[in-house]
Amino acid sequence: MKKLRGFRGRFQCVRVARAAVVTSALIVGAVAAGAQQGDAGTQQVAATQATLAKRPAPCASGHEAATSDCALTWHGITLYGEYDVGVGWVSHGLPENGYNYEGESLVNRNGGSARFVIAPNNLQQTGFGVRGREQFMPGWAVVFNASTGINPQSGLLANASKTDIINNGLPRGSYSVAIDGARAGQPFNDEYYGGVSSERFGTLIFGRERSLGTDAMLLYDPAAGAYAFSYIGYNGTMAGGGDTEDSRWDDAVKYRLAFGPAHVAAMYKFADGSGGCYSAAATWTAADCTPVSAHNNAFGGDVGGAYRKLSVDAVYQHYNDAISVVNPLLGPQSPTQGYQSTTDSINTNPISGVNLIPTSDTLWGIVTDNNAIMGAARYTADHFKYFAGFEYIWQNNPHDPLGVGASDQGGYFLSGVQDNNLDSEKITRIWWTGVKYAYDDTTDVTFAWYGQLQNDFRVPQPCSVAAGFRPACAGTLDEGSLYMDHHFTSRFDGFAGLAYSFVTGGLAIADPNSAVRFLHNSNFAPTIGGRFTF
């Protein structure tokens, strides 16, 4: 804080409440931006419609800036960030991966033996950003936000795609942690947008933004999207409306408006990137591959409100050509078993000729068209906050198939594409509930439980123990967590807790095209650590 004192008189610190961790997207006459959380991921919304319009007094001194949780603001531009790291133990884990930003608390398809781990980004995504709000006429302001996430243990940009690429070509027993997520090493892998805000007409922003489902998740998740303790924070299926990569939308426009106790929002994503080239033939070559256009547009809406101590929201999202990256690609060292993806395939039919694009530094993905509708509620009573939510997701094979060479997030490409993964419509139901208890002004205790259920969409074979389970069979995933968070100062807090997760049925299958199962169906993960915010 010595440097901060040196800039005294140049920077203005604006106070915010201890419980308010600022985020983007929930705005009344202003854009809300904030400290990161992850994928789907992530952070708690800091300012509500009621509190955002109130302008707190500036910090009176550098000492106050060092000892309180005020923001560092100069001419409407605010620098913010956080560092969150800890240590943990997992009953079934993997060697660490410097690009993995979500830790290892959730049950993993390739999780092996018990191990101690460095646990990154437990309550909040480590990172930094700059946001601004500059009034250009009474009641109107220009707003912007640029934020990114890094891995505290390696200093690398958060990059889910690279965790898979590092494992390309390796046998399963040699894997490190591999995940899927919306952060893929982009310079601003959280948000990067600009827009205009009106106190009367709402806020309109354009750029890379969190989806409406992510906004709602951060408000109504009892664990506020904490990777170490929240399934819907660690896995962005709920936030992305079917796929974790869609918890953030590129080339998107978002509009928010509040009137009295109610608010509405709408969001649209323009198609971008390349659709690659496509062939429906069982055997084909590069000469038979017809180029296709990108059709990955998306749209959504949100309606909500607050009455006394109750807050509710309902969100709908639709996404065309959503991509899910499941496993690393096969390679020279890979065995031939089906728990890795076929290289350069489309409709699971391999190319009979030369590879269209190299399999190095590329990914393999399942493509679907997704719809999701979600409802959530939060109720405050004395020292307790109660949370509950439910999302219904239905997915189908894409109306406009993607092809080999299609672009994925972060500038990566798909050297393998599967457009017919679903035998019939896939239905996923996700629910959660929990309570947060404020022991005093500095200590919270949170309990949360999350559940996921998928239908049996396998055709024509039945799913049974005798017939053998496949990923298209019905299955469940559950996770429970309990943790305590204590604020030693307004900027530094320590936490300790545990999470337990397990899978059954089709959700316990490790590969989307075979009967290869998870190595272990459960994971127990106690974690302890600290977080510093500014």
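Preceding this section is the structure that the text describes.
Please read these numbers as outputs of a predicted model, since none were measured by experiment.

What counts and what doesn't
- Residues numbered from 1 in each chain as written.
- Predicted model: local features only at pLDDT ≥ 70, side-chain atom pairs only at ≥ 80, totals over all residues.
- Heavy atoms only, no water.
- Helix = DSSP H or I, 4+ residues; strand = E, 2+ residues; numbered from the N terminus.
- Buried < 20%, exposed > 50% of the residue type's maximum accessible area, 1.4 Å probe, protein only.
- Areas by Shrake-Rupley, 256 points an atom, 1.4 Å probe, with all protein chains shown as cover.
- Disulfide = S-S within 2.5 Å.
- Contact = heavy atoms within 4.5 Å.
- Core = buried A, V, L, I, M, F, W, Y, C linked by side-chain atoms within 4.5 Å.
- Salt bridge = Lys/Arg side-chain N within 4 Å of Asp/Glu carboxyl O.
- Pairing = 2+ DSSP bridges.
- Phe/Tyr/Trp six-rings, centres within 6.5 Å; stacked < 30°, edge-to-face > 60°.
- Lys NZ or Arg CZ within 6 Å of the ring centre and 35° of its normal.

A. Representation of the overall build of the chain within the structure. A tally of helices and strands in the chain yields six helices and 24 strands. Expressed as a percentage of the 534 residues in the chain, the buried residues total 56%. When the accessible surface of the chain is totalled, it reaches about 20,800 Å², and 62% of it is carbon and sulfur.

B. How the structure looks around the state of the cysteines. Evaluated as defined, the whole model comprises two disulfides. Note that C277 is cross-linked by a disulfide to C289, the S-S spacing being 2.0 Å. Here the disulfide of C277 and C289 is right-handed, its torsion about the S-S bond being about 100°. With C277 in strand 11 (residues 277-278) and C289 in the loop between strand 11 and strand 12 (290-291), this residue pair connects regions lying twelve residues apart in the sequence. Through a disulfide, C463 is tied to C473; the S-S separation comes to 2.0 Å. Looking down the S-S bond of the C463 and C473 bridge, the torsion is -85°, so its handedness is left-handed. One end of the pair, C463, is in the loop between strand 21 (443-454) and strand 22 (475-487); the other, C473, is in the loop between strand 21 and strand 22, with ten residues separating them in the sequence. With a relative accessible area of 21%, C463 lands in the partly exposed category.

C. Examining the environment of L106 more closely. Here L106 shows up in the loop between strand 3 (77-90) and strand 4 (115-120). In this structure, the C-alpha to C-alpha distance between L106 and S522, residues 416 residues apart in sequence, is 8.4 Å. Non-local contacts of L106, meaning those with residues more than four positions away in its chain, are made with Y231, Y234, N235, E479, S501 and N523.

D. Molecular detail of the nonpolar core. Counting residues in each nonpolar core, the largest one holds 51 residues, and the members touching the most others are F229, I232, M238, M374, W432 and Y450. Of all hydrophobic cores here, the second largest spans eleven residues; its members include L363, V367, A406 and L414.

E. Region of interest: the pattern of salt bridges. Summed over the entire model, instances satisfying the criterion amount to twelve salt bridges. D190 serves as the salt-bridge partner of R210, at 2.6 Å between the closest nitrogen and oxygen. In this pair, R210 is assigned in strand 8 (residues 202-210) and D190 in the loop between helix 4 (160-167) and strand 7 (191-198), connecting sequence segments 20 residues apart. D190 gets classed as buried once you look at its relative accessible area, which sits at 0%. Connected through shared salt-bridge partners, R183, D190, E191, R210 and R248 make up one network.

F. Inspection of the pairing of strand 7 at higher detail. Pairing between strand 6 (residues 140-149) and strand 7: eight bridges, direction antiparallel. Paired with V143 across the strands is G195, a residue of strand 7. Bridge count for strand 7 against strand 8 is seven bridges, and the pairing is antiparallel. Of the residues in strand 8, the one forming a bridge with S198 is G202. A loop of three residues connects strand 7 with strand 8, the two strands running antiparallel in sequence.

G. How the structure looks around helix 5 (residues 212-220). For helix 5, a buried count of nine out of nine residues is recorded, marking the element as mostly surrounded by other parts of the structure. Here helix 5 has its buried residues at L212, G213, T214, D215, A216, M217, L218, L219 and Y220.

H. Representation of the packing of aromatic side chains in the model. Applying the stated criterion across every chain yields a total of 14 aromatic pairs. Here R183 stacks its cationic end above the ring of Y101, 6.0 Å away from the centre of that ring. For R378, the ring lying beneath its charged end belongs to Y220, and the centroid distance is 5.7 Å.

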